[in-house]
Protein chains: 2
Amino acid sequence: MKSNIDYTLYLVTDRTLMSTERLETAVEQAILGGCTVVQLREKDCSTLDFYNTAVKIKEVTSHYNVPLIINDRIDIALAVDADGVHVGQSDIPAKIARKLIGSDKILGVSAANLEEAIKAQKDGADYIGVGAMFSTLTKTDAKLTSIDELKEIRKHISIPIVVIGGINKNTIPKFHGINIDGIAVVSAIISQPNIKEASQELKRIFLQG
Amino acid sequence: MKSNIDYTLYLVTDRTLMSTERLETAVEQAILGGCTVVQLREKDCSTLDFYNTAVKIKEVTSHYNVPLIINDRIDIALAVDADGVHVGQSDIPAKIARKLIGSDKILGVSAANLEEAIKAQKDGADYIGVGAMFSTLTKTDAKLTSIDELKEIRKHISIPIVVIGGINKNTIPKFHGINIDGIAVVSAIISQPNIKEASQELKRIFLQG
């Protein structure tokens, strides 16, 4: 599965941004709306809760043959046999992460600038998540990456690039003409009343570019 | 190393209970005072901080040939090649933990009662941490385990037992005559002005039993 991942519409979960709907249902609706990758991101819950949630989400993603990537927690990724992990700059270093997950699983790495992007590629990343591109409610303290910096990164990096941070229907057109591989979306999918339709609309706007 | 662990004086770290001293220094002093196992427990820090701390503590424990056990985070344990992991009832289930770490690493499991203790042993634990025995500042919400329950557990469990929760020089004599293998100590070591002497004293009182 790893060799030919479609990163077009990359959902990042955040239960704190959801209404009452169950996370499994939200993920399923997003997949039905065209999400091609799901990253499970859980903060401030017990390891057991994270594990149990991952088991449930894995059932959904496996059913639809969509890769499941676990944020930060390599132990959870290994425990549920997820398709990969995503590590940020405050997580286990990419090189160590690659050793722990082996060569078959997907390794994603966050990069806010060219230096981090080059290092991530060198350390074994399969893709990088570039951002935060715009300010956002989920990551209020994030330093922003400019469109110019993104273009520089694209010029120097051969692995797939997804952008993250404030990606929504208004900001997506800014990426048209830059050869990125996908958009990573949190609230513009997970907080919407109709998750399936929101996913479809975002994907359509991105693919127009 | 796993087959013949000395659990007599089992240090559990907690940086929030320390004064200004560096954790590496505290752990070294505890080992010089007779600590036989070190468990690194970190809450509310980034994964990278946890990892970097584990790398530093591993240097100390390896130098003195004392086993290093990582609390909860199997990924950190694998990343630094620690000697084992300790999982609580809100962490990854013991059976899954055992699969992830393999048979050579130490698996410790928290058990508050006989049922949990029996399950832990069945699921592959090398030792159990029984408690909390007494109320404590570190785990304010913990349900207490009685001395009678501890005796019941000892009767039914063949793997080593360490007690945890409110273990200090005043409470240690309560375990005399019960055939437990060690005492797990947090603040009665880590918060003391002289960590080495505190360790020596606790060990001496426990071994009098």
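Provided above is the structure to which this section pertains.
Residues numbered from 1 in each chain as written. Chains lettered and ligands numbered in written order. Predicted model: local features only at pLDDT ≥ 70, side-chain atom pairs only at ≥ 80, totals over all residues. Heavy atoms only, no water.

> So what's going on with the packing of aromatic side chains? Residues and values would help.
Residues and elements named next belong to chain B. According to the stated counting rule, one finds 6 aromatic pairs over all chains in the structure shown. The interplanar angle of 45 degrees and the centroid separation of 4.9 Å between the aromatic rings of Tyr-7 and Tyr-127 together place this pair among those described as tilted. Separated by 120 residues along the polypeptide, Tyr-7 in the segment before strand S1 (9–12) and Tyr-127 in strand S6 (residues 127–130) bring together distant segments of the chain. Here the two residues Tyr-7 and Tyr-127 agree in accessibility, since each one is buried. (Phe/Tyr/Trp six-rings, centres within 6.5 Å; stacked < 30°, edge-to-face > 60°. Helix = DSSP H or I, 4+ residues; strand = E, 2+ residues; numbered from the N terminus. Buried < 20%, exposed > 50% of the residue type's maximum accessible area, 1.4 Å probe, protein only.)

> Go over the sheet that holds strand S2 (residues 37–40) of chain B, please, and point to the residues and values.
Strand pairing in a sheet relies on backbone hydrogen bonds, with the paired strands running either antiparallel or parallel. All names here are of chain B. Spatially, S1-S2-S3-S4-S5-S6-S7-S8 is the arrangement adopted by the 8 strands of the closed barrel, whose pairing is parallel. Across this sheet, the average inter-strand angle for adjacent strands is 25 degrees, counted without regard to direction. Relative to S2, S1 runs parallel, the two sharing 3 bridges. Counted as the bridge partner of Leu-11 is Val-38 from S2. Each of S6 and strand S7 (161–164) is contacted by helix H6 (residues 147–156), which is oriented at about 165 degrees to S7, the strand it contacts most. Of the strands in this sheet, S1 and strand S8 (182–185) touch helix H8 (residues 195–207), which is tilted by about 150 degrees from S8. (Pairing = 2+ DSSP bridges. Axes fitted to C-alpha atoms, helices over the stretch in contact; angles between N-to-C directions. Contact = heavy atoms within 4.5 Å.)

> Talk me through helix H5 (residues 114–122) of chain A; I want residue IDs and the actual numbers.
Residue and element names in this part refer to chain A. Restricting attention to buried positions, one finds in H5 the residues Leu-114, Ala-117 and Ala-120. Down the axis, H5 shows its buried residues gathered within 125 degrees of arc, on one side only. Those residues of H5 that are exposed and angled more than 90 degrees off the buried face are Glu-115 and Lys-122. Elements in contact with the buried residues of H5: strand S5 (106–111), strand S6 (127–130) and helix H6 (147–156). Its side-chain oxygen 3.3 Å from the backbone nitrogen of Glu-115, Asn-113 forms the N-cap of H5. Phi turns positive, to about 110 degrees, at Gly-124, one or two residues after H5. (Arc of directions from axis to C-beta. Polar contact = N/O pair within 3.5 Å; in protein donor to acceptor, adjacent residues only side chain to side chain.)

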